[in-house]
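# Structural characterization, general
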Amino acid sequence: MTRPDLCLDFANTRYWRGQAAPTETINGPADLAAWAKAAKAPSPREFEQAIQLREMLYRLFDAQAQGKPAAPRDLEALNLALAHAPSRKLLKRARSGYEWDVDAKSGTALALLAPVLWSAGDLLAGPRLDRVRRCANPECGWLFLDDSRAGKRRWCSMSACGNRAKARRHYHKSKEET
Ligand SMILES: [Zn+2]
């Protein structure tokens with residue numbers, strides 16, 4: 001089963017986006033193939049295209065998380081990618097349930113990223129769009145889907161950014177008190 005936030009996972013393959021030197025986990029075609037569980041690494045050109053698509057997805061959902069409309073050219077780029085990606089025609093049995101069968105024979109970036117693009121379209125057109133958040137730590141920039149009942153989750157994860165922010169608050173407070 002494809003997770004609905006697969007597109008956010010992909011956008012988060014570059015993180016600490018608010019820092020001077022963000023952490024990049026997809027540094028070349030082989031990294032992209034590993035991430036997408038593809039048998040064959042894409043060409044350098046396909047790799048470049050995939051990274052451009054990733055940045056487009058990040059901008060699009062980052063805008064959404066801030067309650068802003070996406071830049072028209074980003075939506076245009078997503079539509080273009082969706083139009084040229086392999087079509088969603090066949091289902092196949094997967095370990096748990098079913099998944100869309102991607103015709104990956106072409107080996108293009110769009111075939112490699114078809115499930116990512118579909119998840120972006122489903123998320124944008126689906127009922128959980130208002131649950132897309134960006135971590136409240138400005139250095140972090142992680143995008144996530146807020147699954148909490150109250151819908152008030154602010155941090156990518158309490159163990160990382162949330163606790164760090166709490167510790168910082170505590171530190172400032174104890175400094176003021178002394
Ligand atoms: Zn975070």
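First things first, this report covers the structure right here in the doc. Just so it is clear, the structure is predicted and the values come from calculations on it, not from any experiment. (Residues numbered from 1 in each chain as written. Predicted model: local features only at pLDDT ≥ 70, side-chain atom pairs only at ≥ 80, totals over all residues. Heavy atoms only, no water.)

## A few points about the coordination of the zinc ion
Let me state the cut-off plainly: Atoms of type N, O and S within 2.8 Å of a metal are treated as its donors, and for Na, K and Ca the window is 3.2 Å; water is not considered, so some sites may appear to be missing partners. Helix and strand labels come from DSSP, where a helix needs a run of H or I of at least four residues and a strand needs a run of E of at least two; each type is numbered from the N terminus. Only protein chains enter the calculation, and the probe is 1.4 Å; a residue is then buried if its accessible area is under 20% of its type maximum, exposed if over 50%, and partly exposed in between.
Listed as protein donors to the zinc ion are Cys-135 (SG), Cys-140 (SG), Cys-156 (SG) and Cys-161 (SG); their distances from the metal cover 2.3 to 2.4 Å. Within one chain, the residues serving as donors to the zinc ion are arranged as C-x4-C-x15-C-x4-C. Of this pair, Cys-135 sits in the loop between β5 (132–134) and β6 (143–145) while Cys-161 sits in helix α7 (residues 158–177), and the two are 26 residues apart along the sequence. Side by side, Cys-135 and Cys-161 carry an identical accessibility label, which is buried.

## Some thoughts on the nonpolar core
As a reminder, the rule being used: Among buried residues, those of type Ala, Val, Leu, Ile, Met, Phe, Trp, Tyr and Cys that are joined through side-chain atoms within 4.5 Å constitute a nonpolar core. Contact criterion: two residues are considered in contact whenever any of their non-hydrogen atoms come within 4.5 Å of each other.
Leu-32, Leu-57 and Phe-61 are the most contacted members of the largest nonpolar core, which has 31 residues in total. Of all the elements in the fold, those that place two or more residues in this core are α1 (6–11), α3 (44–65), α4 (72–84), α5 (109–112), α6 (114–125) and β6. Ranked by the residues each element gives to this core, the list is headed by α3, at 9 residues. Not counting residues up to four positions away in its chain, the partners in contact with Leu-32 are Phe-10, Ile-26, Pro-42, Phe-47, Ala-50, Leu-112 and Leu-113. One finds Trp-16, Cys-135, Phe-144 and Cys-156 within the second-largest nonpolar core, a separate group that totals 7 residues.

## Digging into the pairing of strand β4 (residues 98–101)
Put simply, the rule is: At least two bridges found by DSSP between two strands are what make those strands a pair.
Both strand β3 (residues 90–93) and β4 contribute to a ladder of 4 bridges, which runs antiparallel. Within the sheet, the bridge partner assigned to Lys-92 lies in β4 and is Glu-99. Count of turn residues in the β3/β4 antiparallel hairpin: 4 residues, of which Gly-97 carries a positive phi of about 90°.

## Structural notes on α3
Rules: Each residue after the first adds 1.5 Å to the expected span of a helix.
For α3, built from 22 residues, the straight-helix expectation of 32 Å at 1.5 Å per residue is met to within 8% by its first-to-last C-alpha distance of 31 Å. Two residues or fewer after α3 comes Gly-67, characterised by a positive phi angle close to 70°.

## Some points on the side chain of Asp-74
Mapped onto the fold, Asp-74 is located in helix α4. Excluding residues within four positions of it along the chain, Asp-74 makes contact with Met-56, Arg-59 and Leu-60.

## Description of the packing of α3 against α4
Condition: Helix axes are fitted only over the stretch in contact, all axes being lines through C-alpha atoms; the angle between N-to-C directions runs from 0 to 180 degrees. The scheme is simple: roughly parallel for angles under 35 degrees, roughly antiparallel for over 145, roughly perpendicular for 65 to 115, oblique for anything else. Here is the rule for handedness: rotate from the far helix to the near one, and if that takes an anticlockwise turn smaller than a right angle the crossing is left-handed, while a clockwise turn gives right-handed.
It is the contact of α3 with α4, at a shortest axis distance of 10 Å, that shows an interaxial angle of 130°. It follows from the interaxial angle that α3 and α4 lie oblique. Pair α3 / α4 crosses with left-handed handedness. Seen from α3, the contacting residues are Leu-53, Met-56, Leu-57, Arg-59 and Leu-60; seen from α4, they are Arg-73, Asp-74, Leu-75, Ala-77, Leu-78 and Ala-81.

## Re the packing of α4 against α6
How two helices pack is summed up by the angle between their axes together with the distance between the axes. Quick reminder of the rule: Gly counts as polar in this scheme, as do all residues outside two lists: the nonpolar Ala, Val, Leu, Ile, Met, Phe, Trp, Tyr, Cys and Pro, and the charged Asp, Glu, Lys and Arg.
At a minimum axis separation of 10 Å, α4 and α6 run at an interaxial angle of 125°. Between α4 and α6, the crossing angle belongs to the class labelled oblique. Relative to α6, α4 is oriented so that their crossing is left-handed. Taken together, the residues of α6 that come into contact with α4 (itself represented by Leu-78, Ala-81 and Leu-82) are Leu-117, Trp-118, Ala-120 and Leu-124. In terms of residue class, the contact of α4 with α6 is made up of 7 nonpolar, no polar and no charged.

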